[in-house]
Each structure stands twice: as C-alpha cells, then as structure tokens.
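As a plain string of letters, each chain reads:
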Amino acid sequence: LITHLSYDYGITFEYMPVDYIGVKSKLKNIVIVQRTVFGSDYRNWNESLFESFLLTAGPSFHLTNRKMWDITLSPFLGYYTGEYSATPIADKLLDSYSGSMKRDVSGFSYGAELNVTGYFSGGLYISIGLEWTSHKLSFSPAYNLTNDGKTYMDGKNSGTLQTGNLVLSAGYAFDN
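These lines cover the structure that appears in this document, whether it is placed above or below. (Residues numbered from 1 in each chain as written. Predicted model: local features only at pLDDT ≥ 70, side-chain atom pairs only at ≥ 80, totals over all residues. Heavy atoms only, no water.)

**Brief notes about the overall build of the protein**
Okay, step 1: Secondary structure assignment for the protein yields one helix and nine strands.
Okay, step 2: Helices and strands in the protein line up, N terminus first, as β-β-β-β-α-β-β-β-β-β.
Okay, step 3: A globule of 176 residues ought to have a C-alpha radius of gyration of about 16 Å, yet the protein, at 20 Å, is considerably larger.
Okay, step 4: Along the first, second and third principal axes, the C-alpha set of the protein runs to 60 × 40 × 20 Å. (Helix = DSSP H or I, 4+ residues; strand = E, 2+ residues; numbered from the N terminus. Rg over C-alpha atoms; globule rule 2.2 N^0.38 Å.)

**Notes on the side chain of Ser 52**
Okay, step 1: Inspection of the secondary structure assignment puts Ser 52 in strand β3 (residues 46-62).
Okay, step 2: Sequence-distant contacts of Ser 52, that is, excluding residues within four places in its chain, are made with Lys 28, Asn 29, Ile 30, Tyr 80, Thr 81 and Gly 82. (Contact = heavy atoms within 4.5 Å.)

**Points about the pattern of salt bridges**
Okay, step 1: Tallying each qualifying case throughout the model produces six salt bridges.
Okay, step 2: A salt bridge links Asp 8 to Lys 28; the shortest N-O distance between them is 3.7 Å. Of this pair, Asp 8 sits in strand β1 (residues 2-18) while Lys 28 is found in strand β2 (residues 21-36), placing the two residues 20 residues apart along the sequence.
Okay, step 3: Asp 8 gets classed as partly exposed once you look at its relative accessible area, which sits at 28%.
Okay, step 4: Between Lys 102 and Glu 83 there is a salt bridge, with the nearest N and O atoms lying 3.8 Å from each other. Here Lys 102 is found in strand β5 (residues 102-119), whereas its partner Glu 83 is found in strand β4 (residues 69-85), with 19 residues between them in sequence.
Okay, step 5: What makes Glu 83 partly exposed here is its relative accessible area of 33%. (Salt bridge = Lys/Arg side-chain N within 4 Å of Asp/Glu carboxyl O. Buried < 20%, exposed > 50% of the residue type's maximum accessible area, 1.4 Å probe, protein only.)

Function cannot be inferred from these measures alone, as they are strictly geometric.
Next comes the structure, spelled out in structure tokens:
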C-alpha cells in the first residue's frame, strides 16, 4: 500500500485596501512524500515525490468587517519551481525498473483557501482552514520509465498534481 503526505510551510502577507476585500500573497515550500504502509513487521519507505517553492497572489474575500472573528475565501494564482521524482518507491522496490526518474519542473499553480480566523487584543490572530492547490506539470524530456512492459504515463510529457492541506497559521495584524 502506497500513500502520499503533502505538507507546506511559508509566510503570508495580506493588505486590505477596502472593507471585506483584500489582496493576499504567499511564499511557501511544498513537499509531497510517497510512503509505503506495509505494517510494523516490514520495512517502510519514505521518498520525496515533489518539492517546490511557490509564490502566489490573489484576492481575499472576508465575511466580516472589524470583528473578533472572520471567515475568509482566498482564490489564488501562482508560479512554482522545484523537482518531481516519478515513482520513487517503485525504484527502491523493483529490480526491473529502468529509466531516469527526476525532472526539474516549473509552471503555474492555482487554488483556493477557506479559513476561520480569531483576532485577539494586541493584534495577534490564529487561523485554521483548508487549502486546495493544483500544479500543472510539464516534463522535458517525457518519461520513459518501464516495468514488465508497462510505461509510466504512457510517454506523456505533462500532468496535474493536486493537493489538499489543513492550514494552521498565526500572525500579527498591524492595523484593524
């Protein structure tokens, strides 16, 4: 059994020029790990599938105005650069696997974040939410990985990688 774990960390900046609408930007590092779940009696593997830096920007729509809580929807567009490693676990487990796995990738991403924020006296805020991100991947050259006569991605040179993450954040609101 193979699973994937996605996590990211970074910094966020938001500016609100008008009530209820802001402009939000993020710079973050995204990591997706491919893992085996064979159980405690067998060796389990953890290998990096995807790692990138992503810079995003977009509008931020707020439900409340100058209250101690808020619900925010923030769609975004961004640009990423990083490394994709196709089927890193298969490379460890299968002797007959052949071909180059790693590719440098870069391109555009899009997604949205929905969160609930609580503001405290002095400017401190804590937020919890969900974020969905879609990365458009383009590989050059196309993958030519084979095992038992089967080719990874059938020789195609593009695909989409989507993640869904829980977002926990804390920060400081300079003005409210």
